[in-house]
Amino acid sequence: MTHQILILGGTAEARQIATALVERGDCAVTLSLAGRTQNPAGQGVPVRIGGFGGAGGLADYLRQHAVELLIDATHPYAARISANAAEAATRAGVPILALRRPGWERTEGDRWTEVADVDAAVTTLGAAPRHVFLALGRQEVHAFETAPQHRYVVRSVDPVEPPLALPYVETILARGPFETADELALLERHRIDAVVSKNSGGSATYGKIAAARALGVEVVMVRRPPLPGVPSAPTVHELVAMIAHRLGPVADRGV
Ligand code: NAP
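Note that the structure is predicted; figures quoted are calculated from it, not measured. (Residues numbered from 1 in each chain as written. Predicted model: local features only at pLDDT ≥ 70, side-chain atom pairs only at ≥ 80, totals over all residues. Heavy atoms only, no water.)

Can you help me understand the layout of surface pockets in this one?
One way to see where empty space is left: roll a probe the size of a water molecule over the atoms. The space that makes up the second largest pocket amounts to roughly 160 Å³. Residues that form the lining of the second largest pocket fall into these classes: five nonpolar, no polar and six charged. (1 Å grid on protein atoms, 1.4 Å probe; cavity = no way out; pocket = protein on both sides within 12 Å on 5 of 7 lines; lining within 4 Å. Points joined across faces, edges and corners; volume = space filled by probe spheres on them. Nonpolar A, V, L, I, M, F, W, Y, C, P; charged D, E, K, R; others polar.)

Structure representation (structure tokens):
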């Protein structure tokens, strides 16, 4: 028997979960991406791209494709799709499991200012000109156009569209992971005195947090949005084990 599984992705972990399930040999996996990046990294499994049209659209998709298990492996700040996933799973009567990557914990030497959202991050930078590293999604950086007094370094996978209407902005196009040593060099080169970051968790983007700590640089940390309480695991390994438990042993294919 082949298990039909839909993975909501957009993260490296979603790709890893998909690969682990394909390797079982008894899962037909589809990975769903929002379509935010122009050239997403190779996923290694069938991919569908674009929104479903809210929770109702996702519920329809689950029914139409006879999905047996829904996996939410989206980014911790992608709150809308996670909420839609929980609701669609209920509506379609399909079980859901989620990857809930733990956030980073503040440690000795960190200078974090935690804020509720990106608008609060803009205000927190203050009136005096600063050198700011924006390590946010390209959808969020336009909020900083209301604070043109600062010099910005903006890093994103694809160019910010439309370009930022700011007098001092340098853009860096890059896809993680990012090493601490490189992040240190970047902060020093641009004389950064504030990093604006999401609390993404994981190791791939932690380098800038470690670098800021080493240099005594303030991190304006945008708090995580609330996510629905569905059964979850904190790591790929644990989530794959949870999925395996639910699917049961791999069927003997007689080969
Ligand atoms: P979102 O706000 O939760 O989702 C907005 C809409 O996009 C959803 O309602 C859904 O449209 C569609 N969507 C999102 N993920 C999808 C998926 N995997 N498959 C199909 N449709 C999907 O999520 P977001 O706009 O992608 O991102 C929100 C925040 O998360 C941003 O802060 C972004 O920077 C961050 N993020 C970061 C990463 C990363 O660093 N790897 C990746 C993704 C997101 P419908 O309602 O039409 O179905």
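Could you clarify how one ought to interpret the site of the ligand in this entry?
Ser32, Arg36, Phe52, Glu140 and Lys198 are the nearest of the 23 residues found near the ligand. Gly53 places a polar main-chain atom, nitrogen or oxygen, 2.9 Å from an oxygen atom of the ligand. In the environment of the ligand, an oxygen atom lies 2.7 Å from a nitrogen or oxygen atom belonging to the side chain of Lys198. Relative to its unbound accessible surface of 860 Å², the ligand loses 79% to contact with the protein. Counting residues per element, the ones that place at least two in the shell around the ligand are β2 (27–33) and α3 (79–92). Sorting elements by how many residues they give to the shell around the ligand places α3 first, with four residues. (Near = heavy atom within 4 Å. Polar contact = N/O pair within 3.5 Å; in protein donor to acceptor, adjacent residues only side chain to side chain. Areas by Shrake-Rupley, 256 points an atom, 1.4 Å probe, with all protein chains shown as cover. Helix = DSSP H or I, 4+ residues; strand = E, 2+ residues; numbered from the N terminus.)

Looking at this structure, how should I read the environment of Ala78?
Its location among the elements puts Ala78 in the loop between β4 (69–72) and α3. Taking relative accessible area as the criterion, Ala78 reaches 26% and is therefore assigned partly exposed. Placed 91 residues apart in sequence, Ala78 and Val169 show a C-alpha to C-alpha distance of 26 Å. (Buried < 20%, exposed > 50% of the residue type's maximum accessible area, 1.4 Å probe, protein only.)

Please clarify how the domain arrangement of the chain should be interpreted in this entry.
Interfaces are often described in size by the accessible area the parts lose on coming together. When its domains are assigned, the chain resolves into domain 1 (3–102 + 226–247) and domain 2 (112–222). Of note, the centres of domain 1 and domain 2, computed from C-alpha atoms alone, are 29 Å apart. The interface of domain 1 with domain 2 comprises eleven residues on the first partner and eleven residues on the second. Between domain 1 and domain 2 the total buried area reaches about 860 Å² when both faces are included, carbon and sulfur atoms providing 42% of it. Counting the surface domain 1 buries against domain 2, the share from its top three residues, Arg36, Gln38 and Tyr77, is 54%. (Domains from an automatic or database assignment. Contact = heavy atoms within 4.5 Å. Buried area = accessible area lost by both parts, 1.4 Å probe.)

So what exactly am I meant to see when it comes to the pairing of strand β5 (residues 96–99) here?
In summary, the side chains of a regular strand alternate between the two faces of the sheet. Where burial is concerned, the two faces of β5 agree: the one with Ile96 and Ala98 and the one with Leu97 and Leu99 are both buried. Where β4 lies against β5, three bridges are found, and the strand directions are parallel. Looking across to β5, one finds that Ile71 is bridged to Leu97. Taken together, β4, α3 and β5 constitute a β-α-β crossover, and its handedness is right-handed. (Pairing = 2+ DSSP bridges. Right-handed = clockwise from strand over helix to strand, strands pointing away.)

What should I look at first to understand unusual backbone geometry in this one?
Note: most peptide bonds trans; most residues except glycine with negative phi. Residue Pro162 follows Glu161 across a cis peptide bond; omega there is -10 degrees. Note on placement: Pro162 falls in the loop between β8 (151–156) and β9 (169–173). In this chain, Gly176 is followed by Pro177 through a cis amide linkage whose omega measures 5 degrees. Position of Pro177 relative to the elements: it lies in the loop between β9 and α5 (180–189). For Ala66, which is not a glycine, the phi torsion comes out positive at approximately 50 degrees.

Please clarify how the packing of aromatic side chains should be interpreted in this entry.
Pairs of aromatic rings are described using the distance from one ring centre to the other and the angle between the two planes. Taken as a whole, this structure holds three aromatic pairs when the rule is applied. Measuring from ring centre to ring centre gives 5.9 Å for Phe144 and Tyr152, while their planes differ by 65 degrees; the resulting arrangement is edge-to-face. Its end group placed over the ring of Phe52, Arg48 keeps NZ or CZ at 3.9 Å from the ring centre. Above the face of the Tyr168 ring, Arg151 is positioned so that its terminal group lies 4.2 Å from the ring centre. (Phe/Tyr/Trp six-rings, centres within 6.5 Å; stacked < 30°, edge-to-face > 60°. Lys NZ or Arg CZ within 6 Å of the ring centre and 35° of its normal.)

For this particular structure, what's the right way to read helix α2 (residues 54–64)?
Count 3.6 residues to each turn of an α-helix, and residues three or four apart come out pointing the same way. Of the positions making up α2, those classed as buried are Ala55, Gly57, Leu58, Ala59, Tyr61 and Leu62. Count one or two residues on from α2 and you reach Ala66, which has phi positive near 50 degrees.

Is there a simple way to think about α5 in this case?
What α5 keeps buried is the set Glu183, Leu186 and Leu187. Angular distribution of buried residues about the axis of α5 spans 95 degrees; they occupy a single face of the element. Exposed residues on α5 whose side chains face more than 90 degrees from its buried face are Ala181, Asp182 and Arg189. Packing partners of the buried residues in α5 comprise β7 (131–135), β8, β9, β10 (194–198) and α6 (207–215). Just downstream of α5, Arg191 is the residue with a positive phi angle, here 50 degrees. (Arc of directions from axis to C-beta.)

Explain the sheet that holds strand β6 (residues 111–115) to me, please; I cannot follow it from the model alone.
Two modes of strand pairing occur in sheets, parallel and antiparallel, and in both the strands are linked by backbone hydrogen bonds. Pairing is parallel across the open sheet formed by six strands, whose spatial order is β6-β11-β10-β7-β8-β9. The strands lining the two open edges of the sheet, one partner per strand, are β6 and β9. For this sheet, the mean inter-axis angle between neighbouring strands, taken without regard to orientation, is 20 degrees. Of the strand pairs in this sheet, β10 and strand β11 (residues 218–222) are connected by five bridges, and their pairing is parallel. Considered in β11, the bridge of Ala194 is made with Glu218. α6 rests against β6, β7, β10 and β11 of the sheet, and its axis sits at about 150 degrees to β10. (Axes fitted to C-alpha atoms, helices over the stretch in contact; angles between N-to-C directions.)

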